[in-house]
Amino acid sequence: MTASENAAHGPAAAPFTPASTTPHYWGDACKHLMRKDRVMKRLIPQFGDARLASRGDAFCTLARSIVGQQISVKAAQSVWERFAALPERMVPAQVLRLKVDDMRAAGLSARKVDYLVDLALHFEQGQLHVKDWSAMEDEAIVAELVAIRGIGRWTAEMFLIFHLMRPNVLPLDDVGLLKGISRNYFSGEPVSRSDAREVAEAWKPWCSVATWYIWRSLDPLPVVY
């Protein structure tokens, strides 16, 4: 996690939209988790058909993560809407043609402008193996993403979960996950990363799904990163 990332309460994300896609494995994962973990057996039925969802656009997902750093969800959505209105289409080539002054006027800090330009350059110059991601290991994708300015491990893991919908990601840098594990498994006592790993042993190979339900135990609103 970088200092600029906002990992206080799980992903800072926009509400679920009908255009989202959801993972095919969700039902099997829930059955496994309810069988293996007493907390999951209690939590999962509380949220009905709600589940992880993805917008399906890699560049926009990462750009949103940069725009939303260190500000509230509401503020991030406002800035994003102003920024997204600048190019005809939210694609790397058109972002690279934007004027810095216009981006700043949309509410972006100078640092975030730099981050967004670097992100667009990585996509436009082919520095990311986007077409190969489906066949790549999680850690190989994380290594590619953290080479982009403004993206640390936490954002990369959110991308694995919410965009690529990888089933077994355990984001130990996420404060919301640790808070949720504390509340649900340790009666509110502080927990370490080691404690979280021990709890998550029962979640494998569906740590992403369990993490999603832990987040929902803190904030019932389903989100799309």
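Calculation notes
- Residues numbered from 1 in each chain as written.
- Predicted model: local features only at pLDDT ≥ 70, side-chain atom pairs only at ≥ 80, totals over all residues.
- Heavy atoms only, no water.
- Helix = DSSP H or I, 4+ residues; strand = E, 2+ residues; numbered from the N terminus.
- Buried < 20%, exposed > 50% of the residue type's maximum accessible area, 1.4 Å probe, protein only.
- Contact = heavy atoms within 4.5 Å.
- Core = buried A, V, L, I, M, F, W, Y, C linked by side-chain atoms within 4.5 Å.
- Salt bridge = Lys/Arg side-chain N within 4 Å of Asp/Glu carboxyl O.
- Arc of directions from axis to C-beta.
- Polar contact = N/O pair within 3.5 Å; in protein donor to acceptor, adjacent residues only side chain to side chain.

Participant: Describe in detail the overall build of the protein chain, supporting the description with residues and values.
Facilitator: Counting secondary structure elements, the protein chain contains 12 helices and two strands. By residue count, 51% of the 225 residues in the protein chain fall in the buried class. Contacts in the protein chain between residues far apart in sequence, at least 24 positions, make up 71% of those at least 6 positions apart.

Participant: Break down the nonpolar core for me, with residues and values.
Facilitator: Nonpolar side chains tend to gather and get buried jointly when the protein is soluble and globular. Ranked by internal contacts, the top residues of the largest apolar core, which has 69 residues, are Met40, Phe83 and Trp203. The residues contacting Phe83, other than those within four sequence positions of it, are Val67, Met90, Val95, Leu98, Met103, Ala106, Leu108 and Leu116.

Participant: Run through unusual backbone geometry, naming residues and quoting values.
Facilitator: With the exception of glycine, most residues fall at negative phi, and the peptide bonds are largely trans. Put simply, Lys204 and Pro205 share a cis peptide bond, and its omega is 5°. Counting through the fold element by element, Pro205 comes out in the loop between helix 11 (193-200) and helix 12 (207-218). With a phi close to 65°, Gln70 is a non-glycine residue in the positive phi region. Examined against the element boundaries, Gln70 turns out to sit in the loop between helix 3 (58-67) and helix 4 (73-84). For Met165, which is not a glycine, the phi torsion comes out positive at approximately 55°.

Participant: How would you summarise the pattern of salt bridges if you had to cite specific residues and measurements?
Facilitator: The final tally for this structure, using the stated rule, is five salt bridges. Of the charged contacts, one joins Glu139 and Arg153 as a salt bridge, the two residues approaching to 2.5 Å between their closest N and O atoms. Note that Glu139 is positioned in helix 8 (residues 138-145) and Arg153 in helix 9 (residues 153-162), a separation of 14 residues in sequence. By sharing partners, the salt bridges in this structure join Glu139, Arg153 and Glu157 into a single network.

Participant: Residues and numbers for helix 11, please.
Facilitator: Counting along an α-helix, one turn takes 3.6 residues, and residues three or four places apart therefore face a common direction. Looking at helix 11, one finds that the buried residues are Ala196, Val199 and Ala200. What you see down the axis of helix 11 is that its buried residues fit within an arc of 95°, all on one side. Buried-residue contacts for helix 11 involve helix 10 (175-185) and helix 12.

Participant: Please set out the side chain of Lys112 residue by residue, giving values where relevant.
Facilitator: Residue placement: Lys112 occurs in helix 7 (residues 110-124). For Lys112, a relative accessible area of 13% corresponds to the buried category. A distance of 2.9 Å separates a polar side-chain atom of Lys112 from the backbone oxygen of Val67.

Participant: So what's going on with helix 10? Which residues, and what values?
Facilitator: Across the 11 residues of helix 10, eight count as buried, placing the element largely inside the fold. Listing the buried residues of helix 10 in full gives Gly176, Leu177, Leu178, Gly180, Ile181, Ser182, Asn184 and Tyr185. Those residues of helix 10 hidden inside the fold are in contact with helix 2 (38-43), helix 11 and helix 12. The backbone nitrogen of Gly176 has a side-chain oxygen 3.1 Å away, supplied by the residue at the start of helix 10, namely Asp174. Directly beyond the C-terminal end of helix 10, a positive phi value near 55° is found at Ser187.

Honestly, it's all geometry; don't read function into it.
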